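In case you want the letters, here they are:
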Amino acid sequence: MDDMFGLRVAVIVGSTRDGRFGPVVANWLLIHLAQREDMTFDLVDLAETPLPTVFPAFGQPAAPGTAELLAPVSPRLAAADAFVIVTPEYNHSFPASLKNAIDWHNKEWHAKPVGFVSYGGLSGGLRAVEQLRVVLAELHAVTIRDTVSFHGAWTQFDADAKAKDPAADAAAKTMLDQLAWWAHALRDAKALRPYAA
């Protein structure tokens, strides 16, 4: 694919909990991404790329070994034109592992679009998404209005990990179409004029 036109999408799996459902949801999304000719994807699973949890004091260098721990994630976020965050809802918010990954990075998020696929019980993870919008706005990211949400997620997939409700597939297409529009618009704008944070 011509890199001039192909969008690089980092899919971030936010949950690191034992027995998590996130990989099922993420794999469903990857099928949709694989069918698109305008996007390639990179799966960033935070359970497989543990990041440090102790931050340096303001203005001070990070502890020895920090750069090595960030290396499996930071360059991949920097290279992405756009993101999709796959997140559950924990206590009306999103997982600490996801907040940690967000907070270790800054310019990697600047002027890039972020889509969401959330899952959970009755709320479908939507409260996690609402809080993520506030956090990512502080990092100069642009969040996509339309999301994909799985309510009672554990009953929403068949044995082949396909969504039972066709509306979920339609919602994924809408979200990815909007993500592509914003990713192209922001990438083109940054090519003409560097983003000033």
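Residues numbered from 1 in each chain as written. Predicted model: local features only at pLDDT ≥ 70, side-chain atom pairs only at ≥ 80, totals over all residues. Heavy atoms only, no water.

Peer 1: Let's hear about the pairing of strand β4 (residues 113–120): which residues, and what values?
Peer 2: Within β4, eight of the eight residues are buried, which leaves it mostly tucked inside the rest of the structure. Side chains P113, G115, V117 and Y119 of β4 all project onto a buried face; the interleaved residues V114, F116, S118 and G120 project onto the opposite face, where all are buried too. Of the pairings in the sheet, the one linking strand β3 (residues 82–88) to β4 comprises six bridges and is parallel in character. Along β4, the bridge assignment pairs V86 with V117. On the question of chirality, the crossover connecting β3 to the parallel β4 by way of helix α4 (residues 96–103) is right-handed. As paired strands, β4 and strand β5 (residues 142–143) are joined by two bridges and run parallel to one another. The residue bridging P113 from the neighbouring strand is V142, located in β5. In this structure, β4 lies alongside strand β6 (residues 148–151), joined through four bridges in parallel fashion. Following the sheet pairing, V117 is matched in β6 by V148. (Buried < 20%, exposed > 50% of the residue type's maximum accessible area, 1.4 Å probe, protein only. Helix = DSSP H or I, 4+ residues; strand = E, 2+ residues; numbered from the N terminus. Pairing = 2+ DSSP bridges. Right-handed = clockwise from strand over helix to strand, strands pointing away.)

Peer 1: Hey, could you go over unusual backbone geometry for me, with residue numbers and the actual values?
Peer 2: Glycine aside, the phi torsion of most residues is negative, and most peptide linkages are trans. Its identity is not glycine, yet N91 carries a phi of approximately 50°, on the positive side. Its identity as a non-glycine residue notwithstanding, A111 has a phi of 50°, on the positive side. Among the residues examined, A111 registers a relative accessible area of 5% and is labelled buried.

Peer 1: Describe the pattern of salt bridges, with residues and values.
Peer 2: Should their charged atoms come close, side chains of opposite charge can pair. In this structure the tally under the stated criterion is eleven salt bridges. Note that D81 and R8 form a salt bridge whose closest N and O atoms lie 3.3 Å from each other. Of this pair, D81 sits in the loop between α3 (74–79) and β3 while R8 sits in strand β1 (residues 7–13), and the two are 73 residues apart along the sequence. The residue R76 makes a salt bridge to D42 at a minimum N-O spacing of 2.8 Å. Pair noted here: R76 is in helix α3 and D42 is in strand β2 (residues 39–45), with a separation of 34 residues, a long-range link. (Salt bridge = Lys/Arg side-chain N within 4 Å of Asp/Glu carboxyl O.)

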